[in-house]
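# Overview (structure and organization)
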Amino acid sequence: MRQKMIAGNWKMHKTNPEAVRLVAQIRAGLEKNPVRKTRVVVCPPFTALSVVHQALKGSKIGLGAQNLFWEEEGAYTGEVSARMIKSTGARYVIVGHSERRRYFKEDEHIINKKIRLALKNGLKVIHCVGETLEEREQNLTKDIVGNQLEWDLNGLAPEDLKNVVVAYEPVWAIGTGRTATPEQAQEVHAFIRDILDALIGDQVGARMTILYGGSVKPNNAAGLLAQPDIDGALVGGACLKASSFLKIIQASEKS
Ligand code: 13P
């Protein structure tokens, strides 16, 4: 059985007091309605990782960062290393998000270096892939997603993939309120499993957790999560309120 997961990517939201308040609400909600099969992960900004870790003590909620730098340490002003992230208590890191690819010009070489360094330091990676609207309209979805997987994961062994979760996030669905239909998402998820098998071997595709991301909300989560190859969600906007995040988590529990 593949691990189900609902992860919240807070992006650049929440001061430390706001972050502590939000996780306290998520925690309280999960104490009332405990999850049995879904791994819940929150990914606040770097600045809130330590306080959120404190606020999560004794709970099963996982903690992740949204980015890391590709070198171990050094003169890289403003950057944050894998070891620094680990020292906050976080165990996950998001790599390859389309906002990083777009605004910070992160390409496949950078993403590959980041994934390798994260894994080397014992962090689990949430690796994002996805096509733009233009690419979808030109029927390039599978080429783009296939290339991202091939280059971003270049050189990784089946063993390494145990610590990678793939998130399929069509760029046109992020923050737009326009989500992929369950069938559109399912088609790409099944393709991702096949590609992972072809690239890495050892039938890793069948074992890997693949999340869908892009305008996941309480009212569309159940339909997406009912698809056979959708194992969970990477939630943006709807994870900033405990009530909507909790509803998505419950949809995963029922799927
Ligand atoms: P939205 O849920 O706000 O569309 O964001 C999705 C996302 O980018 C998660 O990483």
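Below: a short report on this structure. (Residues numbered from 1 in each chain as written. Predicted model: local features only at pLDDT ≥ 70, side-chain atom pairs only at ≥ 80, totals over all residues. Heavy atoms only, no water.)

Around the ligand, the neighbouring residues are N9, K11, H97, E169, A173, I174, G175, G214, S215, L234, G236 and G237. At a separation of 3.0 Å, an oxygen atom of the ligand approaches a polar backbone atom of G236. One of the backbone N or O atoms of G237 is found 2.8 Å from an oxygen atom in the ligand. Here the ligand loses 97% of its free accessible area of 310 Å² to cover by the protein chains. (Near = heavy atom within 4 Å. Polar contact = N/O pair within 3.5 Å; in protein donor to acceptor, adjacent residues only side chain to side chain. Areas by Shrake-Rupley, 256 points an atom, 1.4 Å probe, with all protein chains shown as cover.)

Before going further, it helps to spend a moment on the sheet that holds strand β4 (residues 92-95). The strand order around the closed barrel formed by eight strands is β1-β2-β3-β4-β5-β6-β7-β8, and the pairing between neighbours is parallel. Sheet twist, expressed as the average angle between the axes of neighbouring strands with direction ignored, equals 25°. Two strands pair when backbone bridges link them, and strand β7 (residues 210-213) and strand β8 (residues 232-235) are joined in this way by three bridges, in the parallel orientation. Each residue of the ladder has a partner; that of G213, found in β8, is L234. Contacting β2 (38-43) and β3 (62-65), helix α2 (residues 49-56) runs over the sheet at an angle of about 175° to β3. (Pairing = 2+ DSSP bridges. Helix = DSSP H or I, 4+ residues; strand = E, 2+ residues; numbered from the N terminus. Axes fitted to C-alpha atoms, helices over the stretch in contact; angles between N-to-C directions. Contact = heavy atoms within 4.5 Å.)

Turning to the state of the cysteines, a few remarks are in order. One pass over the structure, following the stated rule, counts zero disulfides. Free of any disulfide, C128 has its nearest cysteine sulfur in C43, 9.3 Å distant. The thiol sulfur of C239 is not disulfide-bonded, and the nearest other cysteine sulfur, from C43, lies at 8.3 Å. (Disulfide = S-S within 2.5 Å.)

Below, the discussion takes up the pattern of salt bridges. Using the criterion set out here, one finds 14 salt bridges in the structure. Linking E159 and K162 is a salt bridge whose minimum nitrogen-to-oxygen distance equals 2.9 Å. The exposed category is assigned to E159, whose relative accessible area is 53%. The class for K162 is exposed, based on a relative accessible area of 57%. One connected set of salt bridges, linked through shared partners, spans R2, R193, D229 and D231. (Salt bridge = Lys/Arg side-chain N within 4 Å of Asp/Glu carboxyl O. Buried < 20%, exposed > 50% of the residue type's maximum accessible area, 1.4 Å probe, protein only.)

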